[in-house]
Amino acid sequence: MGSVGEKRIEDDLSYPILLAERVRSAADEAESFKADCWEVGKQVDRLSQILRTLVRFTTSVQSLYERPIRRVIAEVSKNLERALTLVQKCKRHSILSLVVRITSAADFRKVLNLLDASVGDMKWLMGVLDAENNGSASGTFLSLPPIASNDPIISWVWSCIATVQMGQLTDRIEAANNLASLAQDNDRNKKIAVEEGGVPPLLKLLKESSSMEAQIAAANALLVLANEPERVRSIVEEMGVPIVVQVLRDSPMKVQIPVAKLIARMAEYDPVAQEDFARENVIRPLVTLLSFETFVDDSGTLLGKQSIHSIVQINKEMEKNSWTSSNSRNYSYGPYANSYSNLHVDGSTRGGNYRKERENENPEVKIQLKINCAEALWMLAKGSASNSRRITETKGLLCLAKLVEKEQGELQYNSLMTIMEITAAAEWHSDLRRAAFKMNSSAAKAVIDQLLRVIKELDSPTLQIPAIRSIGSLARTFPARETRVICPLVTQLGNNNQEVAMEAAIALGKFASPDNFLSMDHCKSIIEFNGVPPLMRLLTCGEKTQLHAVVLLCYLAIHAGDHKALEQARVLTAIEGADRTMFAQHPDLKDLVSRAIYQLNLYHTHTGVHPQRQLYAP
């Protein structure tokens, strides 16, 4: 457990033992304050005995938790050095020593108190490290040593970590739960737990334990710690990612629940963890778990009901359709695709040891696992085009669409958010967009159908907003004839929830933007679906909403400036009256407004004003 560059623990222990011998020798030779020196020698003998016991113990234990040993030994050595300096002053009398020596009974009281504290620290240390043989009723030794009198938390953390690393299984489970409880109190406790070496024994408990309860305790403790980038990185640096992925593949559902949550948390806080999980191919087992009992046949029978193997076959069949094209693109992550069958063996067949348990598991457990798997996919896809592509190549899109269709609550929301992140990546990566969202793709059709259903039928801003954003991200995917995606967005411009209305304006702006090859056709569709009146009403809303309404109106004016609906709604007047403060914050808006006004002036006549009047300069 010692870090690189640290001395061996035996070397650290030999120094205070040597010091104790020197103090005892100096005390025996003292010629002044003999009684006080005798008391010092007596305390040093007690310390020396415990130190030697500790040496014997450390050489007999394979997995030793060294952190508290090094801290306590450093303090003991410092106190022994002070005792040696004091006792040496009492060795002989001389005129010079009488001048130089400043020794009093108070000095001895202070040193004796320090040595007494060291004895207490050593007894506590032995109690923590060898709880079984020191009368501890449980594996976690929670007394308070003098060294931690000003900060009790550190001694409790040491006790918990020592037990997780060195205790019996039942004690390790209790200690992991206690450590999680301590860490939940505040971020300082979390930081101490990581700095004092709590991550490696927790990972070891998670990986090596045959006890489901122990794995759950370890996963939950790691989950509590993993809420900050630096602490997540500590888990990654201890090779935690491959351990977590392996446990996800091999464990029963009740263990997979906190493990999937841990994957989501680590991917959320650390991009290195996000990529490491992808390299360990965690996406395929996550999609497989998410697919369990999800697909149904025409009669409504669950295809996954008989066995998890059936899900594997479904995924393999779906994979055949895109296998050739995926390989021909020669992506950098091609090796992962080549091990497709093996991964499903890892995630399903080997996990088939738990097949009956899975099928007979409580429905609430199944749902919670899916919720956490969907969240993990969401966080893995967030801001990552490569991970988004991996999800689509496992046919995760079809599974996500089914969950949006059939489920409610957190599972439906997490599935929608995953789709939103994938479509956001597709917006800026044309190869992903063309591969995953072709209009003749059954998965793409299913996703779009569900997004439109959520936008039109569900009166829930929490669900409508990610659905609207997803459609907007795919704006360059839809042909001009695909007006069915325009109409629901136009309808939402009039939504009573201002945020939903604003998101609809943003999404329609991506259809109408000059960056979209079909912007002219889309602008005409927006106007024909009566999108101008609700847009005009949005100009009276908050500044942010007003900005996106102005942008969309400008696009409509530039691409369909001759349309009568724009003249009837007095769009020109509205644009001219736009809040000038927006131009300072958004310099590009000034040019966009000028172009829109120019186009409108070309087609619309105004009383007393020439149709091609001077270009408006805000």
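Residues numbered from 1 in each chain as written. Predicted model: local features only at pLDDT ≥ 70, side-chain atom pairs only at ≥ 80, totals over all residues. Heavy atoms only, no water.

Draft legend 1. The arrangement of the overall build of the chain in detail. What the chain contains, in helices and strands, is 35 helices and 0 strands. Split into buried and exposed, the 618 residues of the chain put 54% on the buried side. Nonlocal contacts in the chain, meaning residues at least 24 apart in sequence, comprise 74% of its contacts between residues at least 6 apart. Accessible surface for the chain amounts to roughly 27,800 Å². Of this, 49% is attributable to carbon and sulfur atoms. (Helix = DSSP H or I, 4+ residues; strand = E, 2+ residues; numbered from the N terminus. Buried < 20%, exposed > 50% of the residue type's maximum accessible area, 1.4 Å probe, protein only. Contact = heavy atoms within 4.5 Å. Areas by Shrake-Rupley, 256 points an atom, 1.4 Å probe, with all protein chains shown as cover.)

Draft legend 2. Summary view of the pattern of salt bridges. Taken as a whole and judged by the stated rule, the model has 24 salt bridges. Taking the shortest distance from any N to any O, the salt bridge between Glu427 and Lys510 comes out at 3.3 Å. Of the two residues, Glu427 is situated in helix α23 (residues 409-428) and Lys510 in helix α28 (residues 498-512); the sequence distance between them amounts to 83 residues. Between Glu482 and Arg484 there is a salt bridge; the shortest N-O distance is 2.4 Å. The class of Glu482 is buried, set by a relative accessible area of 17%. In this structure Arg484 comes out as partly exposed when scored by relative accessible area, which is 38%. (Salt bridge = Lys/Arg side-chain N within 4 Å of Asp/Glu carboxyl O.)

Draft legend 3. Main features of the packing of aromatic side chains. Scanning all chains against the criterion turns up 4 aromatic pairs. Between Trp124 and Trp158 the ring centres are 5.8 Å apart and the planes differ by 50 degrees, which places this aromatic pair in the tilted class. Within this pair, whereas Trp124 is found in helix α5 (residues 105-129), its partner Trp158 is found in helix α6 (residues 152-166), the two being separated by 34 residues in sequence. Accessibility expressed as a relative area gives 2% for Trp124, which makes it buried. Residue Trp158 is classed as buried on the basis of its relative accessible area, which comes to 0%. Between Trp378 and Tyr413, the ring centres sit 5.7 Å apart and the planes meet at 85 degrees, which makes this aromatic pair edge-to-face. Of this pair, Trp378 sits in helix α20 (residues 363-381) while Tyr413 sits in helix α23, and the two are 35 residues apart along the sequence. Judged by its relative accessible area of 24%, Tyr413 falls in the partly exposed class. (Phe/Tyr/Trp six-rings, centres within 6.5 Å; stacked < 30°, edge-to-face > 60°.)

Draft legend 4. Just the nonpolar core, in detail. Counting residues in hydrophobic clusters, the biggest one holds 197 residues, and the most contacted among them are Met122, Met266, Phe277, Ile471 and Leu556. It is helix α31 (residues 543-560) that provides the largest number of residues to this core, a total of 12 residues. Each of domain 1 (9-91 + 104-138 + 149-247) and domain 2 (388-607) accounts for three or more of the residues forming this core. If near-sequence neighbours (up to four positions away) are discounted, Ile471 is found in contact with Ile448, Leu451, Leu452, Ile455, Phe478, Val485, Leu489 and Phe511. (Core = buried A, V, L, I, M, F, W, Y, C linked by side-chain atoms within 4.5 Å. Domains from an automatic or database assignment.)

Draft legend 5. Region of the structure containing unusual backbone geometry. The phi dihedral of Asn281 is positive, around 60 degrees, even though this residue is not glycine. Turning to its location among the elements, Asn281 is positioned in the loop between α14 (271-279) and α15 (283-291). With a phi angle near 55 degrees, Arg570 is a residue other than glycine that sits in the positive phi range. By secondary structure assignment, the location of Arg570 is in the loop between α32 (564-568) and α33 (571-576).

Draft legend 6. Structural context of the environment of Ala214. Here Ala214 is to be found in helix α10 (residues 212-225). Assessed through its relative accessible area of 0%, Ala214 is described here as buried. The spacing of Ala214 and Asn177 is 37 residues in sequence and 9.3 Å in space, taken between C-alpha atoms. Aside from chain neighbours lying at most four places away, what touches Ala214 is Leu169, Ile173, Leu205 and Ser209.

Draft legend 7. Expanded view of helix α2 (residues 34-60). Over its 27 residues, α2 runs 39 Å from end to end, which matches the ideal 39 Å to within 8%, given 1.5 Å per residue. Where α2 is concerned, the buried positions are Cys37, Val40, Gly41, Gln43, Val44, Leu47, Ser48, Ile50, Leu51, Leu54, Phe57 and Thr58. Against α1 (9-28), α3 (67-88), α5 and α6 lie the buried residues of α2. (Expected span 1.5 Å × (residues − 1).)

Draft legend 8. Broad picture of the packing of α23 against helix α25 (residues 442-457). It is at 12 Å that the axes of α23 and α25 come closest, and there the two elements cross at 120 degrees. Considering their axes alone, α23 and α25 lie oblique with respect to each other. Viewed along their axes, α23 and α25 form a crossing whose handedness is left-handed. Together, Gln412, Leu416 and Ile419 of α23 and Val447, Leu451, Arg453 and Val454 of α25 make up the contact between the two elements. (Axes fitted to C-alpha atoms, helices over the stretch in contact; angles between N-to-C directions. Parallel < 35°, antiparallel > 145°, perpendicular 65-115°, else oblique. Left-handed = near helix turned anticlockwise from the far one by under 90°.)

Draft legend 9. Inspection of a nonpolar patch on the surface at higher detail. Side chains of Tyr598, Leu602 and Tyr603 sit close together on the surface and give an oily, nonpolar patch of about 290 Å² of accessible area. Relative to the helices and strands, Tyr598 resides in helix α35 (residues 587-603). What makes Tyr598 partly exposed here is its relative accessible area of 40%. (Patch = residues over 30% accessible without salt bridge, like charges linked within 9 Å, V, L, I, M, F, W, Y side chains within 5 Å.)

Draft legend 10. A look at the packing of α1 against α3. Interhelical geometry of α1 versus α3 gives an angle of 20 degrees and a closest axis separation of 9 Å. Classified by the angle between their axes, α1 and α3 sit roughly parallel to one another. In the crossing of α1 with α3, the sense of the turn from one axis to the other is left-handed. Across from Ile9, Asp12, Leu13, Tyr15, Pro16, Leu19, Ala20, Arg22, Val23, Ala26 and Ala27 in α1, the residues of α3 making contact are Ile69, Arg70, Ile73, Val76, Ser77, Leu80, Glu81, Ala83, Leu84, Val87 and Gln88. Here the contact of α1 with α3 is composed, by residue class, of 16 nonpolar, 2 polar and 4 charged. (Nonpolar A, V, L, I, M, F, W, Y, C, P; charged D, E, K, R; others polar.)

Draft legend 11. Structural detail: helix α12 (residues 240-250). Across the 11 residues of α12, 8 count as buried, placing the element largely inside the fold. By the burial criterion, the buried members of α12 are Gly240, Val241, Ile243, Val244, Val245, Val247, Leu248 and Arg249.

Draft legend 12. Inspection of the state of the cysteines at higher detail. One pass over the structure, following the stated rule, counts 0 disulfides. Distance from the sulfur of Cys373, which forms no disulfide, to the nearest cysteine sulfur (Cys399) is 9.6 Å. Here Cys373 falls in the buried class, since its relative accessible area comes to 0%. (Disulfide = S-S within 2.5 Å.)

Draft legend 13. Broad picture of the confidence of the model for the chain. Averaged over all residues, the pLDDT of the chain equals 84, while 83% of them reach at least 70. Below a pLDDT of 50 lies the segment residues 296-352, which in the model reaches 87 contacts outside its immediate sequence neighbourhood of four places, other chains included. Every residue in residues 606-618 scores below 50 in pLDDT, and together they form 20 contacts with partners more than four places removed in sequence or on other chains. (pLDDT = per-residue confidence, 0-100.)

Draft legend 14. A look at the environment of Val247. Secondary-structure assignment places Val247 in helix α12. The sequence separation of Val247 and Ala219 amounts to 28 residues, and the corresponding C-alpha distance is 9.9 Å. Setting aside residues up to four positions removed in sequence, Val247 forms contacts with Leu206, Lys207, Gln215, Val255 and Val259.

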